[in-house]
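# Structure at a glance
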Amino acid sequence: MKLFLDSADTDAIIKRYNTGLIDGVTTNPTLIFKSGKHPHDVYNELMKVGVPDISMEIVGESEEDFFSRAITHVKEYGDHATIKLPCSVEGLKACKRLSRVDVRVNVTLIFSASQAILASLAGATYISPFIGRMDDNSLDGMKLINDIKNTKVSAQILAASIRDPQSVSTAYALGADICTVPVDVFDKMYKHVLTDKGIEQFNRDAL
Ligand code: E4P
């Protein structure tokens, strides 16, 4: 079981990474845009504090675009780089080529078990089903995790687009290998009213 943060807010990430509970970070162009930083600055700041696994999304039109841009990232960021590619024909062709040269790929925007199967056959290290976006569209995100698990794909299931702590535990229970969560969801995972109440009482009684 691993927990990643889904963010490009480097200050917020570093604060949580310092808990020792975080194994990696996933970014996407929207998160990077919101951070107001250049992607390279985001990746470099995360690398500097030792984040071992950073999903870096590549945009492009063709297999060649994806492949050549991915190789540039790997040259620059080494083993910290996980290349994030869309679950499109060109994305999967590039994924297959990258897997042959041992580059970790996270195939993103997965909304069906058949996409998960193809991404796994393309040699992806991670496949990212988007739970929240499915639920937003009256589809069952958790059922997708279960369906993918039942196919016995060799790629690791990285549950993404998570909006609340309950979805984290459900996704793991259904077989997700990794959950990537926004920082506010990570913070909420600590919280329980009875824990707060208990701490308050024990602190009072200890006096
Ligand atoms: C995953 O890698 C994506 O960055 C992310 O989880 C998308 O989440 P959203 O649906 O909340 O944008």
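See above for the structure.
Summarised in this report is the structure supplied together with it. Within each chain, residue numbers correspond to sequence positions counted from 1 in written order. Local features are withheld for residues below a pLDDT of 70 in this predicted model, meaning they are given only at 70 or higher, and side-chain atom pairs are given and counted only at 80 or more; totals for whole chains, interfaces and linings count all residues. Note that the side-chain values use all heavy atoms of the structure and ignore hydrogens as well as water.

### So, the overall build of the chain
We count it as follows: Helix and strand definitions here come from DSSP, where helices need a minimum of 4 consecutive H or I residues and strands a minimum of 2 consecutive E residues; each element is numbered from the N-terminal end. Any residue under 20% of the maximum accessible area for its type is buried, any over 50% is exposed, and the rest in between are partly exposed; the area is computed with a 1.4 Å probe on protein chains only. Throughout, a residue-residue contact means that at least one pair of heavy atoms, one from each residue, lies within 4.5 Å. Exposure was quantified through the Shrake-Rupley algorithm and a 1.4 Å probe, taking into account, for residues, occlusion by the shown protein chains and nothing else. We score Asp and Glu as negative and Lys and Arg as positive, and we do not count His or the chain ends. Note on charges: their place is set at NZ of Lys, CZ of Arg, CG of Asp or CD of Glu.
Looking only at helices and strands, the chain has 11 helices and 8 strands in total. Seen through its C-alpha atoms, the chain measures out along the principal axes to roughly 65 × 40 × 25 Å. Buried residues in the chain amount to 47% of all 207 residues. Within the chain, residue pairs in contact and separated by at least 24 positions form 55% of the contacts whose partners lie at least 6 positions apart. Carbon together with sulfur atoms contributes 55% to the accessible area of the chain, which is approximately 10,500 Å² in total. Positive and negative side-chain charges of the chain, numbering 23 and 27 respectively, have mean locations separated by a distance of 2 Å.

### A short note on the state of the cysteines
Here is the rule we go by: Criterion for a disulfide: a pair of cysteine sulfur atoms at a distance within 2.5 Å.
Overall, the coordinates contain 0 disulfides when judged by the stated rule. Left without a disulfide partner, cysteine 179 is nearest to the cysteine sulfur of cysteine 87, which lies 19 Å away. Assessed through its relative accessible area of 0%, cysteine 179 is described here as buried.

### Thoughts on the pattern of salt bridges
As a working rule, side chains carrying opposite charge can pair if their charged atoms are close by. Using the following cut-off: Definition used for salt bridges: Asp or Glu carboxyl oxygen within 4 Å of a side-chain nitrogen of Lys or Arg.
Enumeration according to the criterion identifies 15 salt bridges in this entry. Salt-bridge contacts for aspartate 187 lead to arginine 16; the nearest nitrogen and oxygen are separated by 2.5 Å. Here the residue aspartate 187 occupies a position in helix 10 (residues 183-190), and arginine 16 occupies one in helix 1 (residues 10-17), the gap between them amounting to 171 residues. Taking the relative accessible area as the measure of exposure, aspartate 187 reaches 28% and is therefore partly exposed. The exposure class of arginine 16 is buried, given its relative accessible area of 12%. Salt-bridge contacts for glutamate 63 lead to lysine 93; the nearest nitrogen and oxygen are separated by 4.0 Å. In this pair, glutamate 63 sits in helix 4 (residues 63-77) while lysine 93 sits in helix 5 (residues 89-100), placing the two residues 30 residues apart along the sequence. Look at glutamate 63 and you get buried, because its relative accessible area is 18%. Residues joined in a network through salt bridges with shared partners are Glu63, Glu64, Glu90, Lys93 and Arg97.

### Observations concerning the side chain of serine 161
Put simply, the test is: Polar contact is the term for a pair of N or O atoms within 3.5 Å; when the atoms are in protein, one must be able to donate a hydrogen and the other to accept it, and sequence-neighboring residues count only if both atoms are side-chain atoms.
As for its placement among the helices and strands, serine 161 is situated in the loop between strand 7 (156-159) and helix 9 (165-173). A residue is classified by how much of its surface remains accessible, and serine 161, at 9% relative accessible area, is buried. Polar side-chain contacts of serine 161 include one of 3.1 Å to the side chain of arginine 163. Residues contacting serine 161, with those up to four places away along its chain left out, are Phe130, Ile131, Gly132 and Arg133.

### Notes on the site of the ligand
The line we're drawing: Any residue with at least one heavy atom within 4 Å of a molecule or strand is counted as near it.
Surveying the vicinity of the ligand reveals the residues Asp6, Thr26, Asn28, Lys84, Phe130, Arg133, Ala160, Ser161 and Arg163. Side-chain polar atom of serine 161 to an oxygen atom of the ligand: 2.7 Å apart, as the coordinates give it. Protein contact buries 85% of the 340 Å² of open area that the ligand shows by itself.

### Regarding the packing of aromatic side chains
Stated precisely, the cut-off is as follows: Each Phe, Tyr or Trp ring (for Trp, its six-membered ring) is paired with any other whose centre lies within 6.5 Å, and the angle between the two planes then decides the class: stacked below 30 degrees, edge-to-face above 60, tilted in between. Sitting over a ring, as applied to charges here, requires NZ of Lys or CZ of Arg to be within 6 Å of the ring centre and within 35 degrees of the ring normal.
Taken as a whole and assessed by the stated rule, the structure comprises 4 aromatic pairs. Ring centres of phenylalanine 186 and tyrosine 190 lie 5.4 Å apart, and the angle between their planes is 75°; on these two criteria the pair is classed as edge-to-face. Separated by 4 residues within a single helix, phenylalanine 186 and tyrosine 190 lie in helix 10, roughly one turn from each other. Here arginine 97 stacks its cationic end above the ring of phenylalanine 67, 3.8 Å away from the centre of that ring.

### Observations regarding the environment of threonine 27
Here threonine 27 is to be found in the loop between strand 2 (24-26) and helix 2 (29-35). In the structure, threonine 27 is positioned 25 residues away from lysine 2 in sequence and 16 Å away in space, judged by C-alpha atoms. Apart from the residues lying within four places of it in its own chain, the contact partners of threonine 27 are Ser7, Ala8, Ile32, Tyr43, Ser55, Met56, Glu57 and Lys84.

So, to be careful, I would describe these as geometric facts and stop short of saying anything about function.
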